[in-house]
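Topology and contacts: notes
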Amino acid sequence: MTTHTDPQTSPPVSEPFARLDDGSEVRRWHLRNGGTHLSVLSHGGIVQSLELPDRHGRHANVALGFDGLDGYLASEGFLGALVGRYGNRIAHGRFELDGTRHFLSLADGTHTLHGGAQGFDRRNWQVHGFARGGDVGLVLTLTSPDGDMGFPGTLRVRVVYTLTPRGDWRIDYEAVTDRPTVVNLTSHVYWNLAGESAGSALDHELSIAASRMTPVTTGLIPTGRLAPVTRTPFDFRVPRPVGARISADDPQLRHAGGYDHNWVLDKGLTAAPLPVATLRDPRSGRTLRIATTEPGIQFYSGNSLPGTLVGSGGRAYGPGDGLCLETQHYPDSPNRPGFPSTVLRPGETYRSSTVHSFSAA
């Protein structure tokens, strides 16, 4: 097994990357530690690239992305971005909280997806770098005003990206509000452990520690049920190739055109990150292990990648060329009192942590 002992640990450095229409500058930050090389844009907190060694020590970028900002602005796929205020879908763009109904920006037909038409993936975050105790990282901050995309309360968000000496990439999210609101933050990296321009990732082997999932309607809104995965294409309790059953005659797969569902993690909501999923590429030997505090994980098999947007490696991304594993609370929780709550009130602090660990063998 290849371990990450890259001696070339370097503190974060930034460079100008682009300018937005309002004149504000987008900067690109570079970090490296433990064999992992990470490049992040201030716009959307986007992971532009994440380079890892394979079993032979050869580095490749395993995160789908674009060379320039225009690619991200043209794409509706949230490639590499921080998403919020509410990752995933809220049915019909509305919810009721403490007797008041709130109407949200629509960004998925008649539903709200990933925070609305101008979610956190479309904002230029404030970023500063740090190096301490062997770790290197970035602190990203954003203030979302009361009424932003229809969400109540001024929300102050702090997200920390950390690279450890082992090469782990850790994300810690925090948020506070001055009015009751709902929050569900996540990262939307598309993984292809063979390399971002390697083509289909459907041969990757996936395991998820979940005995249940949340079935959806044709609009990908949860029905409210928690359905067993036993004897279904959604059973990843032992490692299976993603593509092995993706074309099965299953109504849930037909609704999404593949996988785009929330798995109910057996561990539930926890105070510290616990292991929940493993993704392995048999070609390169690269393995991603995910631990999280969150109660759910949305696995998306890249079904809607259009095949028209050319990535940083010069190849257009088509369906299945990248896989998302989004740690989060369940979709549409504000309208589902039986789901774990996503309500945040004044005086409380929203906290969530996810750790991505890498190896190659």
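Source: prediction; values computed, not measured.

Some thoughts on the pairing of strand S11 (residues 126–132)
In this structure, S11 lies alongside strand S12 (residues 135–144), joined through seven bridges in antiparallel fashion. Its bridge partner being in S12, Val127 is matched across the sheet by Leu140. Hairpin connection from S11 to S12: two residues lie between these consecutive antiparallel strands, with Gly133 at a positive phi of about 55°.

Description of unusual backbone geometry
With omega at 5°, the peptide bond leading from Gly84 into Arg85 counts as cis. Relative to the helices and strands, Arg85 resides in the loop between strand S6 (81–83) and strand S7 (89–90). One non-glycine residue, Asp332, adopts positive backbone phi at about 60°. Tracing the backbone through its elements, the reader meets Asp332 in the loop between strand S25 (324–328) and strand S26 (343–344).

Comments concerning the nonpolar core
Within soluble globular proteins, side chains that are nonpolar generally end up buried alongside one another. Formed by 58 residues in total, the largest nonpolar core has its most connected members in Leu50, Tyr161, Trp169, Trp191, Ile208 and Trp263. Ranked by residues supplied to this core, first place goes to strand S13 (residues 155–163) with five residues. Discounting residues that sit within four places of it in the chain, Tyr161 has contacts with Val40, Gly45, Val47, Leu82, Phe130, Val136, Gly137, Leu138, Leu140, Trp169, Arg170 and Ile171. Counting residues in each nonpolar core, the second largest holds 16 residues, with Leu41, Tyr72, Tyr317 and Cys324 among its members.

Let's talk about the sheet that holds strand S2 (residues 25–33)
Strand order in the open sheet made by the five strands is S1-S2-S3-S4-S5, with antiparallel pairing throughout. The sheet is open, and its two edges are formed by strand S1 (10–19) and strand S5 (59–61), each paired on a single side. Across the sheet, the mean angle from the axis of one strand to that of its neighbour is 15°, orientation sign disregarded. Pairing between strand S3 (residues 36–41) and strand S4 (residues 47–53): four bridges, direction antiparallel.

Conventions and cut-offs
- Residues numbered from 1 in each chain as written.
- Predicted model: local features only at pLDDT ≥ 70, side-chain atom pairs only at ≥ 80, totals over all residues.
- Heavy atoms only, no water.
- Pairing = 2+ DSSP bridges.
- Helix = DSSP H or I, 4+ residues; strand = E, 2+ residues; numbered from the N terminus.
- Core = buried A, V, L, I, M, F, W, Y, C linked by side-chain atoms within 4.5 Å.
- Buried < 20%, exposed > 50% of the residue type's maximum accessible area, 1.4 Å probe, protein only.
- Contact = heavy atoms within 4.5 Å.
- Axes fitted to C-alpha atoms, helices over the stretch in contact; angles between N-to-C directions.

That's the geometry; what it means functionally is another story.
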